[in-house]
Amino acid sequence: MHIVHLIQSATQLYGAERCVLLEAQALRQRGHSVHGLLVHETRMGEQAGRLEAELQLLGVPTSRVLSTRQVSLQLLTGLAQALRALRPDVVHSHSMKTDVLAAPLCRLLRLPLCIEVHGYLHPDDDPRVRLYERLDQVALRLADAAIVLSRDYHAEVRGYGVPAARIHLCPSGIDVSGLRAQIGQRSVRAELNLPPLGQGPLVLGMVARLSAEKGHTHFLHSLRALRQQGQDVVGVLFGEGPLREVLQQEVQTLGLTEFVRFAGYIPQVADAYASLDVLVSCSRFEGLPLNLIEAMALGIPVVAMATGGCTDILADGECGRLVKRGDGDALSAALLQVCQDAPLRARMALAGARRADAHFSLPAWASRIEQVYATAISRRRPRQAGAGK
């Protein structure tokens, strides 16, 4: 098949962008032709070209449609021309803006459209995002297939009026062996002035965008609670985002300045995980968080709030701990248990690596998505189903 992955550009590589990279890699390995089509936000400058550059490093051809404003006739025309020129068998969209643009265009051009739902924020204070989310729900009803990453999102999308037959549960996969092979590119602990693993304090960390929906405040309060209970722990926050200054101020207010490191965005993600004794996730909203899967694959115990796909990834007490979403006290208690019990951490590390191997490989994802594409093609082009190898 000839598949176009369609996504809005961004300045960093987070969940949706990393899914595009992994999925393009998996599909190419199975002999499919893959093209990356990016709605390039000119207001972000050349930093918005990071995903494009990473796709090209994988050998995936890319093209841009320039976006100088939110929506314009020029943008719609440019996207329509690009899709006509590429003539894909399937369009696979990954962002709300591209979903909303592609839904009418793919109907007009008779192109099968699959929309992958990476998550909604449901903000109370941002009417623009709320509008896009409502429009995205309309786009889902127009698409030939809605791809969801977790059971939680399956139920949510069904509630938007999308027929159950068009909703496909396809948990993300990762390149497990490739991720493990990347360890050793960077000495993250040394860069952060932390002692080697097994020496000094336990290092707890988050690998997430510094934004409200990721719940960093819960992590900081739990870190303070652990230290007040005599635990020798420090925290590391990997990632960038709009809340960096706010979180730095909160660290100071909580008296944690010497115990929290802001590590920024580190492309060598395997070494970021490997610098931790425990990965923590406190998100308010999630699809299927890759950071949990990746940490498990590398033998890092996980303590997470039971948000979205976290419940599909973690078996509580087996490869990590799950606590109620938003319950800071429960998070602190689970972290205390894991920090105090080294044999438990070792068992969780081993179980997590086995679970990542068994359930979250790229080949397993690719096999599922090929079936989704075939279903979408047969729905949009019943007389051409199966064509386009």
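Residues numbered from 1 in each chain as written. Predicted model: local features only at pLDDT ≥ 70, side-chain atom pairs only at ≥ 80, totals over all residues. Heavy atoms only, no water.

**Some words on the overall build of the protein chain**
The condition is simple: Under the scheme used here, helices are H or I runs from DSSP no shorter than 4 residues and strands are E runs no shorter than 2 residues, and both carry numbers assigned from the N terminus. What the globule rule says is 2.2 Å times the number of residues to the power 0.38, and the radius of gyration is computed from C-alpha atoms. Throughout this description, buried means an accessible area under 20% of the type-specific maximum (1.4 Å probe, protein chains only), exposed means over 50%, and partly exposed covers the range between. Contacts between residues were defined by any pair of non-hydrogen atoms, one from each residue, lying within 4.5 Å. Using the Shrake-Rupley algorithm and a 1.4 Å probe, accessible areas are obtained, with residue cover drawn only from the displayed protein chains. Asp and Glu are treated as the negative residues and Lys and Arg as the positive ones, with His and the ends of the chain left uncounted. Charge positions come from single atoms, namely NZ of Lys, CZ of Arg, CG of Asp or CD of Glu.
Check the secondary structure of the protein chain and you find 16 helices and 13 strands. Taken against the 2.2 N^0.38 rule, which gives 21 Å for 389 residues, the C-alpha radius of gyration of the protein chain at 21 Å falls within 12% of a compact globule. If one aligns the C-alpha atoms of the protein chain with their principal axes, the spans along those axes are about 65 × 40 × 40 Å. Taken over 389 residues, the protein chain has a buried fraction of 57%. Long-range pairs, those at least 24 residues apart, make up 71% of the contacts in the protein chain with a sequence separation of at least 6. Approximately 16200 Å² of the protein chain is accessible, and the part contributed by carbon and sulfur atoms is 50%. Within the protein chain, one finds 42 positive and 37 negative side-chain charges whose respective centroids are separated by 7 Å.

**Digging into the nonpolar core**
Short version of the rule: Think of a nonpolar core as a cluster: buried Ala, Val, Leu, Ile, Met, Phe, Trp, Tyr and Cys residues, connected wherever their side-chain atoms sit within 4.5 Å.
Counting residues in each nonpolar core, the largest one holds 100 residues, and the members touching the most others are Leu204, Phe238, Leu279 and Val280. Excluding its chain neighbours within four sequence positions, the residues that come into contact with Phe238 are Val188, Leu192, Met206, Val207, Ala208, Ala263, Gly264, Ile266, Ala272, Ser275 and Leu276. Membership of the second largest hydrophobic core comes to 32 residues, among which are Leu105, Leu113, Tyr120 and Val162.

**Considerations on the pattern of salt bridges**
Inclusion rule: Basic side-chain nitrogens of Lys or Arg form a salt bridge, by our definition, when they fall within 4 Å of a carboxyl oxygen of Asp or Glu.
For the structure shown, the criterion picks out 14 salt bridges. For Glu191, the salt bridge goes to Arg186, with nearest N and O atoms at 3.0 Å. When its relative accessible area of 43% is taken as the criterion, Glu191 is described as partly exposed. Here Asp277 and Arg189 are joined by a salt bridge, their closest N and O atoms 2.9 Å apart. Of this pair, Asp277 sits in the loop between α11 (269–274) and β11 (278–281) while Arg189 sits in helix α8 (residues 188–191); the two residues are 88 residues apart in sequence, bridging distant segments of the chain. For Arg189, a relative accessible area of 8% gives the class buried. Among the charged side chains, a salt-bridge network with shared partners connects Asp144, Arg379 and Arg380.

**Notes on the sheet that holds strand β5 (residues 113–117)**
For clarity, the cut-off: Whether two strands pair comes down to DSSP finding at least two bridges between them. Think of each axis as a best-fit line through the C-alpha atoms, taken over the contacting stretch in the case of a helix, with angles from 0 to 180 degrees between the N-to-C directions.
Pairing in this open sheet of seven strands is parallel, and the strands run β3-β2-β1-β4-β5-β6-β7 from one edge to the other. Strands at the two margins of the open sheet, each flanked by one partner only, are β3 (62–67) and β7 (167–169). Within the sheet, the average angular offset between the axes of one strand and its neighbour, ignoring direction, is 25 degrees. Relative to β3, strand β2 (residues 33–41) is paired through six bridges, and the arrangement is parallel. When the bridges of β3 are listed, His40 appears paired with Leu66. In the packing of helix α3 (residues 73–86) onto the sheet, the strands contacted are β1 (2–8), β2, β3 and β4 (90–93), and the crossing angle to β3 comes to about 165 degrees. Sheet strands in contact with helix α4 (residues 96–109) are β1, β2, β3, β4 and β5, and its direction is about 135 degrees off that of β1.

**Looking at unusual backbone geometry**
Unlike most non-glycine residues, Arg110 shows phi in positive territory, near 55 degrees. With respect to the helices and strands, Arg110 occurs in the loop between α4 and β5. Look at Asn193: it is not a glycine, yet its phi comes out positive at around 55 degrees. Relative to the helices and strands, Asn193 resides in the loop between α8 and β8 (202–207). Judged by relative accessible area, which is 66%, Asn193 ranks as exposed.

**So, the packing of aromatic side chains**
Worth spelling out the cut-off: Working definition: rings of Phe, Tyr and Trp (its six-membered ring) pair if their centres are within 6.5 Å, and the pair is stacked with planes under 30 degrees apart, edge-to-face with planes over 60 apart, and tilted otherwise. When the NZ atom of lysine or the CZ atom of arginine is within 6 Å of a ring's centre and also within 35 degrees of its normal, the charge is said to sit over that ring.
Evaluation of the coordinates by the stated rule reveals one aromatic pair. Across from the ring centre of Phe259, 3.5 Å away, lies the NZ or CZ of Arg227, which sits over that ring.

**Describing the sheet that holds β11**
Pairing is parallel across the open sheet formed by six strands, whose spatial order is β10-β9-β8-β11-β12-β13. Only two strands of the sheet have a single neighbouring strand rather than two, namely β10 (260–264) and β13 (320–323). Pairwise comparison of adjacent strand axes, ignoring direction, gives a mean angle of 20 degrees for this sheet. Across four bridges, strand β9 (residues 233–238) lies against β10 in parallel orientation. Note that in β10 the partner of Gly235 across the bridge is Val260.

**Regarding the side chain of Thr307**
So the rule is basically this: Identification of polar contacts relies on pairs of N or O atoms within 3.5 Å, with a donor-acceptor requirement for protein atoms, meaning one able to donate a hydrogen and the other able to accept it, and with residues adjacent in sequence counted only if both atoms are side-chain atoms.
Its location among the elements puts Thr307 in the loop between β12 (302–305) and α13 (310–313). The class for Thr307 is buried, based on a relative accessible area of 1%. A polar atom in the side chain of Thr307 sits 2.7 Å from the backbone oxygen of Ser283. Apart from residues no more than four positions distant in its own chain, Thr307 is found in contact with Ser283, Arg284, Phe285, Glu286 and Arg325.

**Considerations on α4**
We apply this condition: Expected span of a helix: the number of residues minus one, times 1.5 Å. Note that bend, as reported per residue, equals the angle between axes fitted to the 7 residues terminating at that residue and the 7 residues originating from it.
In this model, α4 (14 residues) spans 20 Å end to end at C-alpha, consistent with the 20 Å of a helix rising 1.5 Å per residue. Of all the bends in α4, the greatest reaches close to 35 degrees and is centred on Ala102; the proline Pro104 follows between one and four positions later. Here α4 has its buried residues at Lys97, Thr98, Asp99, Leu101, Ala102, Ala103, Leu105 and Cys106.

**Here we look at helix α14 (residues 328–340)**
When the terminal C-alpha atoms of α14 are compared, their 18 Å separation across 13 residues agrees well with the 18 Å that a helix rising 1.5 Å per residue should span. Regarding α14, the residues found buried are Leu331, Ser332, Ala334, Leu335, Leu336, Val338 and Cys339.

No statement about biological role is implied by the geometric values presented.
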